[in-house]
Amino acid sequence: MDDKLSEILDRLPPKPARSRLEPYAALIEELRRRGRTYREIARVLSEDCQVQSSPSNVYYFVRLRAREAKQAKALQAKQDQAGSFGSSKVASAQTTVRNTASQENLPTDVAQRIAALKQRKIPQPTSAGFHFDPDEPLRLITEKKPASDT
């Protein structure tokens, strides 16, 4: 990034919290950890902290903080992975399978079974016992039984 842009960003003050529940985040988190409902938390905030909030607002506040924490954790893991491997590229499952299968460290019987599974043909579905004609109603096709002579 350009030095001038970096200076501008460094001069900007941090953005203040927009939620009135932000100062009580630790209290809300601990109450949730202790099994309190959102309605009970809203009542505690109202009675003890003089903060009016609905249970749904408490719910959304908790979920938003959980989402942000999850994103921060994922970002940190991605940065750690980029630092340890020298690249931020994440291997896909198919690439991993191809690399593992191409390596000679698999026992031969396992490698043969994997190759056989890849070579097999997918069976076509058999008749489900009915024939669909859009102009006629559905009806069950039954095989005719020979008439018994009794």
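Just so we're clear, the structure is a prediction, and the values are computed from it rather than from any experiment.

Notes on the layout of surface pockets
Vacant regions in the atomic arrangement are exposed by a probe of water-molecule size rolled over the atoms.
Thought 1: Of the volumes computed, that of the largest pocket is approximately 220 Å³.
Thought 2: Lining the largest pocket, in full, are Ala17, Arg18, Ser19, Glu22, Asn57, Tyr60, Phe61, Leu64, Arg65 and Glu68.
Thought 3: Partitioned by chemical class, the residues of the lining of the largest pocket number 4 nonpolar, 2 polar and 4 charged.

Let's talk about the pattern of salt bridges
Thought 1: A complete count under the given rule lists 4 salt bridges for this structure.
Thought 2: Between Arg33 and Glu29 there is a salt bridge; the shortest N-O distance is 2.8 Å. A residue pair is termed a helical-turn pair when its members lie 3 or 4 positions apart in one helix, as Arg33 and Glu29 do in helix H2 (residues 25-33) at 4 residues.
Thought 3: Taking the relative accessible area as the measure of exposure, Arg33 reaches 56% and is therefore exposed.
Thought 4: We note a salt bridge from Glu30 to Arg34, for which the minimum N-O separation is 3.0 Å.
Thought 5: Connected through shared salt-bridge partners, Glu29, Glu30, Arg33 and Arg34 make up one network.

Things to note about a nonpolar patch on the surface
Thought 1: A cluster of nonpolar side chains, contributed by Leu5, Ile8, Leu9 and Leu12, occupies part of the molecular surface with about 360 Å² of accessible area.
Thought 2: Note on placement: Leu12 falls in the loop between helix H1 (3-11) and H2.

Overview of H2
Thought 1: If you check which residues of H2 are buried, you get Ala25, Ile28 and Leu31. Projected onto a plane normal to the axis of H2, the buried residues spread over an arc of 130° and lie on a single side. Within H2, the exposed residues directed more than 90 degrees away from the buried face are Ala26 and Arg33.
Thought 2: Of the residues trailing H2, Gly35 is marked for its positive phi of about 90°.

Reading the values: rules and limits
- Residues numbered from 1 in each chain as written.
- Predicted model: local features only at pLDDT ≥ 70, side-chain atom pairs only at ≥ 80, totals over all residues.
- Heavy atoms only, no water.
- 1 Å grid on protein atoms, 1.4 Å probe; cavity = no way out; pocket = protein on both sides within 12 Å on 5 of 7 lines; lining within 4 Å.
- Points joined across faces, edges and corners; volume = space filled by probe spheres on them.
- Nonpolar A, V, L, I, M, F, W, Y, C, P; charged D, E, K, R; others polar.
- Salt bridge = Lys/Arg side-chain N within 4 Å of Asp/Glu carboxyl O.
- Helix = DSSP H or I, 4+ residues; strand = E, 2+ residues; numbered from the N terminus.
- Buried < 20%, exposed > 50% of the residue type's maximum accessible area, 1.4 Å probe, protein only.
- Patch = residues over 30% accessible without salt bridge, like charges linked within 9 Å, V, L, I, M, F, W, Y side chains within 5 Å.
- Areas by Shrake-Rupley, 256 points an atom, 1.4 Å probe, with all protein chains shown as cover.
- Arc of directions from axis to C-beta.

Keep in mind these numbers describe shape, not what the thing actually does.
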